[in-house]
Structure formats: C-alpha cells, structure tokens
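# Remarks on the overall topology
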Amino acid sequence: MRDALVAAAFRLFLERGYEQTTVDDIVALAGVGRRSFFRYFPSKEDVVFPDHERCLTDMTAFLAASDEGHEPVPRVCDAARLVLRMYAENPSFSVQRYRLTKQVPGLRAYELSVVWRYERALAEYLRGRFAGRPDGTLRADVIAAAVVAAHNNALRSWLRSDGESDASTTVDHALGYVQSAFGAPPATTPAGEHPGHPEHPEDVVVVVSRRGAPLWRVVQEIETTLGRE
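Residues numbered from 1 in each chain as written. Predicted model: local features only at pLDDT ≥ 70, side-chain atom pairs only at ≥ 80, totals over all residues. Heavy atoms only, no water.

### Notes on the confidence of the model for the protein
Per-residue confidence for the protein averages 84 on the pLDDT scale, and 80% of its residues sit at or above 70. Low pLDDT, under 50, characterises residues 185-202; the predicted model gives this stretch seven contacts beyond four residues in sequence or across chains. (pLDDT = per-residue confidence, 0-100. Contact = heavy atoms within 4.5 Å.)

In structure tokens:
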C-alpha cells in the first residue's frame, strides 16, 4: 500500500505538477481512501520522502551501537553512507525526487529540515564522544556539519549525473576530506623505526591563513592544497 501510494503520487506529480496534485487525486489513482493515505503519510510532503524516517532510525541505531573502539569521525562518515545507500537503492526514484525538489520551494524547505535531523543525530553522537574535551561541543557540531556538507555535495553530483556515476566512489572521496581534516592522528611509528626513513615517508602540508578566518575557509584551503597532490 505504501509503495502504491508513492507510485501514484509521483505519477501525478510528473503529469500535473506537485502543486496541482491533491491528496484526493493520489488516493483516487491508488484506489484507496484518504484514511489509508494518512495512515502512512502525515502530509503530501511526506510522500515525496517516504524513506527518510526509516533511514534516520537506522542511522540512530548504528551510532548507538558504537563502542569506544570506533574512531568517532570515521564512524559518523559511515553513518552518512547509510543515507547514500538509501538513495542508491532506487536511482530512478531518487533522480525524480531530486528534480521535483528543485522545482518546488516548499519541498526544498522540507528536505532541509530532514537534512538538519541527520546532522543533529551525528552531532549528538559526537558530543557524547567528545564530552569533557576543550571545545568538545563545538568540535562535534563542526564535524557533523562538515560530514553532511561533504555527503550532500557528492550526492547532488551523483543525482545531477542521473544516477549514472559511481555514487560510492564520489561520496568516499568527499568524506575523505572530512577524515583528513578532523580524523584521528596517525598511529605512532613502531619502535626502532624512524619517521624520516624512506620506507615510512612523512608528508607535511602547511596552510597559512589569516587570523580570524572562518573555519570553512581554512578547510577549503586545506582541500585545495591536498587537491594539488
């Protein structure tokens, strides 16, 4: 029933337009009553994003199952990949939704509220992991925002390709920047070995930025420098 309602809704959205389609139109095409629609979807906007609640639940459970052995930054990057997996499960539907959302400001606002809930879930997990550290809350919020920004940038790139490019590779590349900027320091060099030894080369990147520059600008400069390698 849920899938039938989504299919009917998108058929009408594509034929008539989102604003011109009513809930009554959707249930008539699906062959069910209004009560059935609202049993699955609180509003017409929700039928456009039928899978986000499940994905948010999965993400929250994934983070809750973490332990001290999980490095926090790679862990939240893996949590973001759950969202990518949801989109990649049905590329044609995801591309249709992307195009529709671009055309309807109200859906764009709704989508932003969904993205904020993902970011909040990541930030709450990181706040717990960074509790007691200087600027732990600030660090958690900045990293969560960076993960969401990197993921969404790569996701939009994939959607603009009509789902033809390799979504996983694109997102992995974007999240790699986050891990480079905020991830755990490298493991210590084993005893008896020297960092300067040819078998263990050490790359050092120095970025000079003006005092008071916003964090996003500093990260952008780091990304630009690493991109030249």
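### Some points on unusual backbone geometry
The backbone of Asp135 sits at a positive phi, close to 55 degrees, despite the residue not being glycine. Counting through the fold element by element, Asp135 comes out in the loop between α8 (105-129) and α9 (136-160). In the Ramachandran plot, Asp162 falls in the positive-phi region, its phi being about 65 degrees despite a non-glycine side chain. Along the chain, Asp162 turns up in the loop between α9 and α10 (167-182). Classification of Asp162 by relative accessible area gives partly exposed; the value is 40%. (Helix = DSSP H or I, 4+ residues; strand = E, 2+ residues; numbered from the N terminus. Buried < 20%, exposed > 50% of the residue type's maximum accessible area, 1.4 Å probe, protein only.)

### Focus: the packing of aromatic side chains
The final tally for this structure, using the stated rule, is seven aromatic pairs. Taking 5.7 Å as the distance between ring centres and 65 degrees as the angle between the ring planes, the aromatic pair formed by Phe10 and Phe13 counts as edge-to-face. One end of the pair, Phe10, and the other, Phe13, are both in helix α1 (residues 2-16), three residues apart, so they sit about a helical turn from each other. Through a chain of ring-to-ring contacts, the aromatic side chains of Phe10, Phe13, Tyr18 and Phe93 assemble into a single cluster. The ring of Phe130 carries Arg139 above its face, with NZ or CZ at 5.4 Å from the centroid. (Phe/Tyr/Trp six-rings, centres within 6.5 Å; stacked < 30°, edge-to-face > 60°. Lys NZ or Arg CZ within 6 Å of the ring centre and 35° of its normal.)

### Details of the side chain of Asp51
Here Asp51 is to be found in the loop between α4 (44-48) and α5 (52-64). Since its relative accessible area comes to 14%, Asp51 is described here as buried. With residues near it in sequence (within four places) discarded, Asp51 still touches Arg2, Met86, Phe93 and Arg97.

### A short note on empty space enclosed by the protein
Using a probe with the size of a water molecule, rolled over the atoms, empty space left in the structure can be pinpointed. For the structure shown, the criterion picks out one cavity of 30 Å³ or more. Taken together, His52, Glu53, Leu56, Val114, Arg117 and Tyr118 make up the full set of residues lining the largest cavity. For the lining of the largest cavity, the elements supplying multiple residues, two or more each, are α5 and α8. By residue class, the composition of the lining of the largest cavity is three nonpolar, one polar and two charged. (1 Å grid on protein atoms, 1.4 Å probe; cavity = no way out; pocket = protein on both sides within 12 Å on 5 of 7 lines; lining within 4 Å. Points joined across faces, edges and corners; volume = space filled by probe spheres on them. Nonpolar A, V, L, I, M, F, W, Y, C, P; charged D, E, K, R; others polar.)

### Notes on the layout of surface pockets
Of the volumes computed, that of the largest pocket is approximately 400 Å³. Breaking the lining of the largest pocket down by element, the ones donating at least two residues are α5, α6 (72-88), α7 (91-103), α8 and α9. Residues of the lining of the largest pocket, tallied by class, amount to 14 nonpolar, five polar and five charged.

### Focus: the packing of α6 against α10
With their axes 10 Å apart at the nearest point, α6 and α10 run at an angle of 155 degrees to one another. By the angle class used here, α6 and α10 are roughly antiparallel. The hand of the α6/α10 crossing is right-handed. Along the contact surface, α6 presents Val73, Pro74, Cys77, Arg81 and Leu84, while α10 presents Ala167, Ser168, Val171, Asp172, Leu175, Val178, Gln179 and Phe182. Looking at side-chain class alone, the contact of α6 with α10 contains nine nonpolar, two polar and two charged residues. (Axes fitted to C-alpha atoms, helices over the stretch in contact; angles between N-to-C directions. Parallel < 35°, antiparallel > 145°, perpendicular 65-115°, else oblique. Left-handed = near helix turned anticlockwise from the far one by under 90°.)

### Quick look at the environment of Ala150
One can find Ala150 in helix α9. Using a relative accessible area of 13% as the deciding quantity, one classes Ala150 as buried. Each C-alpha atom, one on Ala150 and one on Leu175, is 5.8 Å from the other, the two residues being 25 residues apart in sequence. The contact partners of Ala150, leaving out residues within four places of it in the chain, are Ala174, Leu175 and Val178.

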